[in-house]
Amino acid sequence: MQKQPDFKFEFVALMAALMSLVALSIDALLPALPNIGDSLGVTNPSDNQLLITMIFLGLGVGQLIFGPLSDSFGRKNIVYLGFVVFVIASIICVTTKSFEMMIFGRILQGIGLSSPRTIAIAMVRDSYSGDYMAKVLSIIVAFFILVPTIAPAFGLFFLNIADWRAIFNVNLVIGILIVIWFWRRQPETLIKSKRTPFTVALFINGTKEFFKHKQAVAFTLVSGFITGSFMVYLSTSQQIFEKQYDLGEWFPYLFASTALAVGSSTFMNSRLVIRFGSFKIANTAAIAYALISLLYVIIFFQGNNPHIAVLLGFFLCQFFAVGLLFGNLRALAMEPLGHIAGIGAAINGFISTVMAVPIANYIGSFVDTSVLPLFIGFSFFGMLSVLTFVIVKRKVALAKN
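I will try to describe carefully the structure that is included in this document. Every value quoted in this text rests on a predicted model; they were computed, and no experiment measured them.

On to the environment of I55. Its location among the elements puts I55 in helix α3 (residues 50-73). Excluding its chain neighbours within four sequence positions, the residues that come into contact with I55 are S25, I26, R106, Q109, G110 and L113.

A word on unusual backbone geometry. In the Ramachandran plot, D246 falls in the positive-phi region, its phi being about 55 degrees despite a non-glycine side chain. Mapped onto the fold, D246 is located in the loop between α9 (214-244) and α10 (251-276).

As a further point, take the packing of aromatic side chains. In the structure shown here, the tally under the stated rule is 35 aromatic pairs. Between F154 and F158, the ring centres sit 5.0 Å apart and the planes meet at 65 degrees, which makes this aromatic pair edge-to-face. Taken together, the residues F154 and F158, both in helix α6 (residues 130-161) and four residues apart, mark about one turn of the helix. The exposure class assigned to F154 is partly exposed, which follows from its relative accessible area of 22%. With relative accessibility at 17%, the residue F158 sits in the buried group. Summarising the aromatic geometry, the rings of F230 and Y233 are spaced 6.3 Å apart at their centres and angled 35 degrees between planes, so their arrangement reads as tilted. You can see F230 and its partner Y233 sitting in helix α9, three residues apart, about one turn around the helix. Each member of the pair, F230 as well as Y233, carries the same accessibility label: buried. Here the guanidinium or amino end of R184 rests over the ring plane of W183, the centre of that ring lying 5.7 Å away.

Let us now look at the nonpolar core. What tends to happen in soluble globular proteins is that the nonpolar side chains get buried as a cluster. M15, F241, L311 and F315 are the most contacted members of the largest nonpolar core, which totals 144 residues. In terms of residue count, helix α12 (residues 308-334) provides more of this core than any other element does, 15 residues in total. Beyond its immediate chain neighbours, meaning those up to four positions away, F241 contacts Y233, D246, L247, G248, F251, L254, I308, L311, L312 and F315.

Procedures and definitions
- The residue numbering used here restarts from 1 in each chain and proceeds along that chain's sequence as written.
- Given that the model is predicted, a residue must reach a pLDDT of at least 70 before its local features are reported, and side-chain atom pairs must reach 80 or more before they are shown or counted; all residues, however, enter totals for whole chains, interfaces and linings.
- Side-chain numbers come from the whole structure's heavy atoms, not from hydrogens or water.
- Helix numbers and strand numbers start at the N terminus; a helix is a DSSP run of H or I with at least 4 residues, a strand a run of E with at least 2.
- The criterion used for residue contact is that any of the two residues' heavy atoms lie within 4.5 Å.
- Note on aromatic contacts: the rings of Phe and Tyr and the six-membered ring of Trp form a pair at centre separations within 6.5 Å, being stacked when their planes are under 30 degrees apart, edge-to-face when over 60 apart, and tilted otherwise.
- Only protein chains enter the accessibility calculation, which uses a 1.4 Å probe; a residue is then buried when its area is under 20% of its type maximum, exposed when over 50%, and partly exposed in between.
- Remark: a charge is flagged as sitting over a ring if the NZ atom of Lys or the CZ atom of Arg is within 6 Å of the ring centre and within 35 degrees of the ring normal.
- Nonpolar cores are built from buried Ala, Val, Leu, Ile, Met, Phe, Trp, Tyr and Cys residues. Side-chain atoms within 4.5 Å join them into one set.

Shown next, in the form of structure tokens:
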């Protein structure tokens, strides 16, 4: 019987706050990318995309460290450890005069932030299971998505009254407040009797166990396809709206509208997932994700950018589908991994994120004078996602027979 404990609003809000540190560190910086590049002597504007994609590289690598450690030493202790790394990285970012050192600082920020991001998901898995877990994750992501809607305007505000370093400093203060809240109010979810003794073989055995579950592997790959193509938008959105459409002053509001599309569909998913199931909703959303982007490619195959209203219409539809994918894909991957939730969340996050970084860097290099390469990437990885769902369904049907 599926475990459905009482819904705890503060728990959901706190998990969303932990995850929001990642979104804030990424999206608040978007308006400042040209300023940072100019300050640090960047000559190629496309290199500024690295300030976004490289933090994802750190997020991927860090999860492999903190996930297994949390299975052995408890969830809360490892959140504190990750935050210490984030503090050190933030100091590097605000004091450096080198773009290369800034990239290092961003990778290190990602490593530190991977702790609250991964462990928030592991704590949800400690507490919930099945479609109810998908419901809770969807609500958490819906709260979490509120951050990208305001983060660019937040960053632009501090950019206008101070400089880009103020964005890092304020993010750090907010992080301290969230960690204090976490320390005071959140109980440990992994009791000592359920912890795995830490050994060198822990990661190896956990990895072997992860790859035994084909469902976990399949939906981790789909997460990588969707995250990678979505990351292209994150890293190029400022360039698209400011350079291609000359709408730099409107960027925070345009970005907020697309983030709201993700948030609204994620919230809708939390209302529907118990009724229809996470697999069915995610499968339908993957088909929509592929078809919407294919339609754009067919209509605008010559590469000319459409009117901004048309582009926003496609973005809103595309990202509405994304909102129906994120929480469900993570829940589907984590469902068979309750006995190794920490390392399971770590490997899931590592593979999907490390897949996403080269996807984003490669496609992003073509997003110069046209948005078309972005939608070609959406359609290609959308079709790969649909194909993965088809394979999973076929294997499930064969297993039943």
